[in-house]
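# Coordinates in review
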Amino acid sequence: LQSVAGDNGNELFSHPLLTNASRWRVSTSNISSPHLGFIGFGAVDPDGLGLGYNQCADGLRLAISGFNASDAVNVDIFAGIFPSVLSAMIDALRKS
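First, a word on what this report is: a plain description of the structure on this page. Note that this is a predicted model, so its numbers are computed, not measured. (Residues numbered from 1 in each chain as written. Predicted model: local features only at pLDDT ≥ 70, side-chain atom pairs only at ≥ 80, totals over all residues. Heavy atoms only, no water.)

### Some remarks on the environment of Ser32
As for its position among the elements, Ser32 is in the loop between β1 (26–30) and β2 (49–56). Exposure remark for Ser32: the relative accessible area of 49% places this residue in the partly exposed category. Expressed as a C-alpha distance, the spacing of Ser32 and Cys56, which sit 24 residues apart in the sequence, is 7.4 Å. (Helix = DSSP H or I, 4+ residues; strand = E, 2+ residues; numbered from the N terminus. Buried < 20%, exposed > 50% of the residue type's maximum accessible area, 1.4 Å probe, protein only.)

Laid out in structure tokens, this is it:
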């Protein structure tokens, strides 16, 4: 819609709610193949994370990336808490 509306001063496309919702702070990609030993996926937002994951028979392979210049995200902190968050999500789903 934004490209159709063009630059006609429509306030909808400059509203903070829409501009913030249009940012991809966490971008993911599933690369399911038992033959891939390493995967990667880049962040698409300067203040975001890229998560590439491969579901394997023996577990989940995950590659986490972010821009070095960003002070808003820390890949190491995210990687450190991710296993416990994932376990909590799995437990919640099993109980439902």
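There's more to say after this.
### Quick word on helix α3 (residues 75–95)
For an α-helix the count is 3.6 residues per turn, leaving residues at separations of three or four pointing the same way. Between the first and last C-alpha of α3 there are 30 Å, a value that for 21 residues agrees with the 30 Å anticipated at 1.5 Å per step. The largest bend along α3 reaches roughly 40° and is located at Phe82, with the proline Pro83 sitting one to four residues downstream. Between the side-chain oxygen of the N-cap and the backbone nitrogen of Asp76 there are 2.9 Å, and the N-cap of α3 in question is Asn74. (Expected span 1.5 Å × (residues − 1). Bend = angle between axes of the 7 residues up to and from the residue. Polar contact = N/O pair within 3.5 Å; in protein donor to acceptor, adjacent residues only side chain to side chain.)

### Thoughts on the layout of surface pockets
Any empty space left between atoms is shown by rolling a water-sized probe over those atoms. Counted as a void, the largest pocket has a volume near 180 Å³. Thr28, Leu51, Tyr53, Gln55, Leu60, Leu62, Phe82, Val85, Leu86 and Met89 together form the lining of the largest pocket. Residue assignment for the lining of the largest pocket shows that the elements contributing at least two residues are β2, β3 (59–66) and α3. No other element matches the four residues that α3 contributes to the lining of the largest pocket. (1 Å grid on protein atoms, 1.4 Å probe; cavity = no way out; pocket = protein on both sides within 12 Å on 5 of 7 lines; lining within 4 Å. Points joined across faces, edges and corners; volume = space filled by probe spheres on them.)

### Details of the packing of aromatic side chains
The full count for this structure, using the stated rule, is one aromatic pair. A centroid spacing of 5.7 Å and a plane angle of 35° characterise the contact between Phe78 and Phe82, whose relative ring orientation is tilted. With Phe78 and Phe82 both in helix α3, this residue pair falls four residues apart, about one helical turn. (Phe/Tyr/Trp six-rings, centres within 6.5 Å; stacked < 30°, edge-to-face > 60°.)

### Description of the pattern of salt bridges
For the structure on display, the rule yields two salt bridges. Between Arg23 and Asp45 there is a salt bridge, and its shortest N-O distance comes to 2.6 Å. Here Arg23 is found in the loop between α2 (16–21) and β1, whereas its partner Asp45 is found in the loop between β1 and β2, with 22 residues between them in sequence. Between Arg23 and Asp47 there is a salt bridge, with the nearest N and O atoms lying 3.6 Å from each other. A residue pair is termed long-range when its members are at least 10 positions apart, and Arg23 in the loop between α2 and β1 and Asp47 in the loop between β1 and β2 qualify at 24 residues. Judged by relative accessible area, which is 29%, Arg23 ranks as partly exposed. Exposure remark for Asp47: the relative accessible area of 28% places this residue in the partly exposed category. (Salt bridge = Lys/Arg side-chain N within 4 Å of Asp/Glu carboxyl O.)

### Some points on the sheet that holds β3
One open sheet holds the three strands; their spatial order is β1-β2-β3, and the pairing between them is mixed. Looking at strand neighbours, the two that pair on one side only are β1 and β3, the edges of this open sheet. Going across the sheet, the axis of each strand differs from the next one's by a mean of 20°, ignoring polarity. In the sheet, β1 pairs with β2 via five bridges, with the strands oriented parallel. From the neighbouring strand, Asn30 faces β2, where its bridge partner is Tyr53. The sheet contacts of α3 involve β2 and β3, and relative to β3 the element is tilted by about 150°. (Pairing = 2+ DSSP bridges. Axes fitted to C-alpha atoms, helices over the stretch in contact; angles between N-to-C directions. Contact = heavy atoms within 4.5 Å.)

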